[in-house]
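As a plain string of letters, each chain reads:
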Amino acid sequence: MNERTDSGATLDWQSVTEEAIACFKDLLRIDTTNPPGNERPAAEYLAKRFASEGIEHTLLESEPGRASLVARLPAAKPRDGKGALLLNGHLDVVPADRERWTHDPFAAVEADGCIWGRGTIDMKNMVTMSAMTLLLLKRQRVELERDVIFAAVADEEAGSRQGALFLVERHPDLVRAEYVLNEVGGHTVHVGEQRFYPVQVSEKGICWFEISAEGEPGHGSMPHPHNAVVRLSRAVAALGRARLPQHNTRVVEAFVHALAAAAPFPQKRLLPLLLVPGLSNRLLDVLEKQNLEQAIALNAMLRNTTSPTMLAAGNKVNVIPSEAKATIDGRVLPGQSAEQFLKEVERVIGPGLRVTILEQHDGTIFDKDTPLFDAICRGVARHDPGAMAIPYMVPGFTDSFAYARLGATCYGFSPVRLKSDLNFSRMYHGHDERIPTEGFAWGLKVLYEVVRDFCHTT
Ligand SMILES: [Zn+2]
C-alpha cells in the first residue's frame, strides 16, 4: 500500500534518529583527513545507502581517491522558475593531533552527552543530516515541486579544488541549483537570555599573498643596515599590529543591531558603537581584554585582515641572505577588490617590498529576502520557541563560493542546538571536537522539515 505521508506526522523520529546516529558514527570512523583526503570510502559508503533505496546518484573522482558524491531526488511536479535546492557537505576533515584529544578522534565515542570525533561539527554532521533528509523525503513519498540535490564533496579544507570547484567547473549540470544549504550557521548562540541561530549569508574572500624583501648579502659577523630579514620583519610586525580601515557592510550592520537589541545593558548600548569607525577601535581594545574571542570575531567582520603565517629566509647562521619572504593570509570583505585591499596593506608595510598574490577569490553576499530564508526562520522558531534566525557573515570561506559561480543563493545552515557551555567556534578544527547527541538529533529534524516545507508541492 502506498500511503501518502507527506505531513511527516507518521515518521518515527526515534528510529530515524538512531539510524542517523549510526550512519554519522560510521562516517566519523572513516578517516578522511586532508591531506591526503582520500574521501572515496566515505563517498562509497553513502552511495551504497542511496543505491539500496533507489536514489539516483553519481560518484565522481577528480583524482584517484578524491571522490565526491552527488545524488538527486527529482521533482514530481516541477514548477516553472523553481530551481533545485542543493544540500552540501564536505567529506574531508582537518588533521587531528591524537595526543591532545580526550577520546580517539576517529572512534566516534559517545560520552558525556556528546559524540566525539574529527568532523562531528565540521562537517560530517551536515553530511549525515542531508543524506538522511534525502532518504526520508523518498521514503515519505514527499511530492516535490523542485529537485533536491545532495552533494558530499572532497577537499573543502584545502580550498575545494578537488571537490566543489571540480563539480562546478567540470560537472555543472549535476550541481546547478537555485539555492544551497551548507555549513557554518544554524548553531545556537546565547546572548543573555536570548538564543540566536546565525545563518551565514556572506563570506569574506581570500587574498593570499607573499611579501618579499631584498637586501645586501653579507657575513653574519658584520651586521649592516640592509639586511633583508630585518626589512621583512619590520613589515610583518607592522601588519601584525595594524587594524586596516573599517568598512561596514549591510549584513554586519544588521547582525550587530540584532545582537544589541537582545543584549543586556551595557552591551545593548555599546555594540552599535562598533559600527562607528572613530569609536570602534577603542571599543575593540576594551573587548579584547574582556572577551578576546568575541573581539576577534567582530573585528574580522568589520575590516579586511592579514595574518602572517609562513616565513622563509636564509640557510646558514653566519650568512646574511639577500632575500626574505613572508606568506600572508589576507581576508577581504565582500564588495572590496584585491587591489583595494593590497593598497591598504602597502600603506602599512611601506615602500620597497615586493607583494605577489598567490591565490585570490572575492567574498560573497547573498540576498536574505528569499522564501528559503523565511522557511529557515519558521523552522527555527518552531523547534526552539523564542529563538531567532539572523543573517551573518563568516570571516572564512566554504564551498559556497564555488556554487555561487553557478548563480546559487547559498546559506550556511547546518542546524545544531547547543547549550551555552559549548563554544561552537572552538569546535572548528579544535581538539576534542564534539557535538551534543541531542543537539544533533534536533538539527536533523529541523533540516528535514525546512527542506520538506520549502520543496514540497503546496
Ligand atoms: Zn567545514
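The coordinates are above.
Note that the structure is a prediction, hence the values are computed from the model and not measured.

A. Fine view of the packing of helix α6 (residues 228-241) against helix α11 (residues 338-349). Relative orientation of the contacting elements α6 and α11 amounts to 115°, with a least axis distance of 8 Å. The crossing of α6 and α11 is right-handed. Along the contact surface, α6 presents A235, A238 and L239, while α11 presents V345, V348 and I349. When the residues that make up the contact of α6 with α11 are grouped by side-chain class, the tally is six nonpolar, no polar and no charged.

B. Just the pattern of salt bridges, in detail. This model, assessed by the stated rule, comprises 28 salt bridges. Among the salt bridges present, the one from E44 reaches R40, with a minimum N-O distance of 2.7 Å. Here the residue E44 and the residue R40 both occupy positions in helix α2 (residues 40-52), the gap between them amounting to four residues, near one helical turn. For R40, a relative accessible area of 29% translates into the label partly exposed.

C. Quick peek at the packing of α2 against helix α3 (residues 124-139). Closest axis-to-axis distance for the α2/α3 pair is 11 Å, and the angle between their directions is 15°. Between α2 and α3, the crossing angle belongs to the class labelled roughly parallel. Remark: the crossing between α2 and α3 carries right-handed chirality. Contacts from L46, R49 and F50 of α2 reach α3 at V127, A131, L134 and L135. When its residues are assigned to classes, the contact of α2 with α3 shows six nonpolar, no polar and one charged.

D. Just the coordination of the zinc ion, in detail. Taken together, the protein ligands of the zinc ion are H90 (NE2), D122 (OD), E183 (OE) and E183 (OE), with distances of 1.8 to 2.6 Å. Here the zinc ion is ringed by four donor atoms whose angles at the metal span 53 to 149°, and the overall shape comes out irregular. Counting gaps between the donor residues of the zinc ion yields the pattern H-x31-D-x60-E. Placement of D122 in the loop between β5 (114-116) and α3 and of E183 in the loop between β7 (179-182) and β8 (189-191) is noted, with a sequence separation of 61 residues between them. What makes D122 buried here is its relative accessible area of 4%. E183 sits in the buried class, given a relative accessible area of 2%.

The rules behind these values
The residue numbers shown here count from 1 along each chain, following its written sequence. Reporting of local features is limited, given that this is a predicted model, to residues whose pLDDT is at least 70; pairs of side-chain atoms are given and counted only at 80 or more, and all residues count toward the totals for whole chains, interfaces and linings. Hydrogens and water molecules were not included; the side-chain quantities draw on all heavy atoms of the structure. Where helices are involved, their axes are fitted lines through C-alpha atoms of the stretch in contact, as for all axes, and angles between N-to-C directions lie from 0 to 180°. In this description a helix means any DSSP run of H or I spanning at least four residues, a strand means any run of E spanning at least two, and both kinds are numbered starting from the N terminus. Less than a right angle of anticlockwise turn of the near helix away from the far helix marks a crossing as left-handed, whereas a clockwise turn marks it as right-handed. Between two residues, a contact is recorded if the distance between any of their heavy atoms is within 4.5 Å. Polarity classes work like this: nonpolar for Ala, Val, Leu, Ile, Met, Phe, Trp, Tyr, Cys and Pro, charged for Asp, Glu, Lys and Arg, and polar for all others, with Gly in that last group. Should a side-chain nitrogen of Lys or Arg be within 4 Å of a carboxyl oxygen of Asp or Glu, the pair is scored as a salt bridge. Type-normalised accessible area, obtained with a 1.4 Å probe on protein chains alone, sets the label of each residue: buried when under 20%, exposed when over 50%, and partly exposed for intermediate values. When describing relative orientation, an angle under 35 degrees is termed roughly parallel and one over 145 degrees roughly antiparallel, while 65 to 115 degrees is termed roughly perpendicular and anything else oblique. The rule for donors is simple: an N, O or S atom within 2.8 Å of the metal counts, and for Na, K and Ca the reach is 3.2 Å. Water is not among the atoms, so a site may look short of donors. Only four donors with every angle between 85 and 135 degrees are called tetrahedral; only four or six donors with opposite donors over 155 degrees apart and all others between 65 and 115 are called square planar or octahedral, in that order; all others are irregular.

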